[in-house]
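Structure assessment
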Amino acid sequence: DGGITQSPKYLFRKEGQNVTLSCEQNLNHDAMYWYRQDPGQGLRLIYYSQIVNDFQKGDIAEGYSVSREKKESFPLTVTSAQKNPTAFYLCASSINRGTAGLRALFFGSGTQLSVL
Amino acid sequence: AQTVTQSQPEMSVQEAETVTLSCTYDTSESDYYLFWYKQPPSRQMILVIRQEAYKQQNATENRFSVNFQKAAKSFSLKISDSQLGDAAMYFCAYRSSGQNFVFGPGTRLSVLP
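As a starting point, this report considers the structure included with it. Not measured: the values here are computed from a predicted model.

What to know about the packing of aromatic side chains
- The tally for this structure, following the rule as stated, stands at 18 aromatic pairs over all chains.
- Judged by centre distance (5.9 Å) and plane angle (80°), the ring pair of Tyr47 of chain A and Phe55 of chain A falls under edge-to-face.
- Relative to Tyr32 of chain B, the ring of Tyr25 of chain B has its centre 5.3 Å away and its plane inclined at 65°; by these criteria the two rings are edge-to-face.
- Note on Tyr32 of chain B: relative accessible area 2%, which makes it buried.
- Counting every residue linked through ring pairs, the aromatic cluster contains Tyr33, Tyr35, Tyr48 and Phe107 of chain A together with Phe35, Tyr37, Phe101 and Phe103 of chain B.

Laid out in structure tokens, this is it:
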């Protein structure tokens with residue numbers, strides 16, 4: 001089945017540690033996104049990538065880094081510079097052409113990151 | 001910059017009744033797309049319904065339908081015959097060509113048995 005896979009489902013970070021959240025899609029989508037969601041809040045854009053080897057900062061990129069070496073993969077690293085990383089992280093993808101049904105965002109099941 | 005407003009932080013509906021969730025947006029674009037997403041307690045974001053701005057006909061998906069008023073920049077979601085499984089956070093989202101998605105703050109819907 002086509003979809004977006006995020007792993008792990010739960011992740012714990014120690015002080016001063018970098019951690020990487022995985023996101024893989026087999027939908028052949030061009031664009032991929034990372035969002036952060038705090039409890040009871042909406043979605044905030046961290047980074048996005050429209051094509052391979054290119055990505056842009058979203059609204060809250062500080063303390064995060066990404067790479068897009070393959071179309072299918074868009075890992076997110078939460079660095080030690082992110083002082084309040086506890087949140088739910090959602091990866092999503094979309095294509096950038098066609099009708100609304102095609103341009104919709106499709107989401108993975110998310111990763112809950114907590115600080116030890 | 002585009003903004004999306006959902007003026008109802010919380011709503012409740014009796015099982016089998018109908019409820020309407022409000023969404024307004026601000027844009028100067030003429031070509032764009034609108035979406036409603038559902039986030040149940042599992043926190044999986046699920047696409048509920050989508051609408052192209054150039055289409056005058058309102059989108060429907062089974063018990064879900066929208067009332068799209070382009071001039072008023074309004075995009076409300078109607079849920080008919082509400083079921084317990086409809087309880088969730090609902091997010092309205094906007095996307096114009098070549099731009100990123102803009103999400104509203106969400107409306108928490110409770111369904112009362």
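Having seen the model, we can carry on.
Some remarks on the interface of chain B and chain A
- With 19 residues of chain B at the contact, the number on the chain A side is 27 residues.
- Taken over both partners, the interface formed by chain B and chain A buries close to 1900 Å², and the fraction arising from carbon and sulfur atoms is 53%.
- Across the chain B-chain A interface, the total number found is zero salt bridges.
- Run the count over chain B and chain A and you get 10 residue pairs in polar contact (both at pLDDT 80 or more).
- Counting only elements with at least two residues in the side of chain B that touches chain A, the list comes to β5 (32-39), β6 (46-52) and β10 (88-96) of chain B.
- Among the residues forming the side of chain B that touches chain A, the class breakdown is nine nonpolar, five polar and five charged.

Considering the nonpolar core
Residues and elements named next belong to chain B.
- Judged by nonpolar contacts, the single largest core of 25 residues is most densely connected at Tyr25, Trp36, Phe75, Leu77 and Tyr90.
- Elements that contribute at least two residues to this core include exactly β3 (19-21), β5, β6, β8 (64-69), β9 (74-79), β10 and β12 (107-112).
- Among the elements that line this core, the one with the most residues is β10, at four residues.
- Those residues within four positions of Tyr25 in sequence are excluded, and the remaining contacts are Thr3, Val4, Tyr32, Leu34, Phe68, Gln69, Lys70, Lys73, Ser74, Phe75 and Tyr94.

What about the side chain of Gln6 of chain B?
All names here are of chain B.
- Counting through the fold element by element, Gln6 comes out in the loop between β1 (3-5) and β2 (10-14).
- Reaching out from Gln6, the side chain makes a polar contact with the backbone oxygen of Tyr90 at a distance of 2.9 Å.
- Not counting residues within four places of it along the chain, the set of residues in contact with Gln6 comprises Ser22, Trp36, Tyr90, Phe91, Cys92, Gly104, Pro105, Gly106 and Thr107.

Parameters at a glance
- Chains are numbered independently. Their residues run from 1 in the order of the written sequence.
- Chain A is the first chain written and ligand 1 is the first ligand written, with later ones labelled in order.
- Two thresholds apply to this predicted model, a pLDDT of at least 70 for residue-level local features and 80 or more for giving and counting side-chain atom pairs, whereas whole-chain, interface and lining totals are computed over all residues.
- Think of the side-chain values as coming from all heavy atoms in the structure, minus any hydrogens and water.
- Pairing of aromatic side chains here covers Phe, Tyr and the six-membered ring of Trp, requires ring centres within 6.5 Å, and sorts the geometry by plane angle: under 30 degrees stacked, over 60 edge-to-face, intermediate tilted.
- For every residue, the accessible area obtained with a 1.4 Å probe (protein chains only) is divided by the maximum for its type, and the residue is called buried under 20%, exposed over 50%, and partly exposed between those limits.
- We call two residues contacting when some pair of their heavy atoms lies within 4.5 Å.
- Here the quantity called buried area is the accessible surface, traced with a 1.4 Å probe, that two parts lose on coming together, added over both.
- The term salt bridge refers to a side-chain nitrogen of Lys or Arg lying within 4 Å of a carboxyl oxygen of Asp or Glu.
- Pairs of N or O atoms are called polar contacts if they sit within 3.5 Å, as long as, within protein, a hydrogen donor faces a hydrogen acceptor (for residues adjacent in sequence, only side-chain-to-side-chain pairs).
- Strands here are runs of E lasting at least two residues and helices are runs of H or I lasting at least four, both read from the DSSP assignment and numbered beginning at the N terminus.
- Classification convention: Asp, Glu, Lys, Arg as charged; Ala, Val, Leu, Ile, Met, Phe, Trp, Tyr, Cys, Pro as nonpolar; all other residues, Gly among them, as polar.
- Each nonpolar core is a collection of buried residues, namely Ala, Val, Leu, Ile, Met, Phe, Trp, Tyr and Cys, held together in the definition by side-chain atoms within 4.5 Å.

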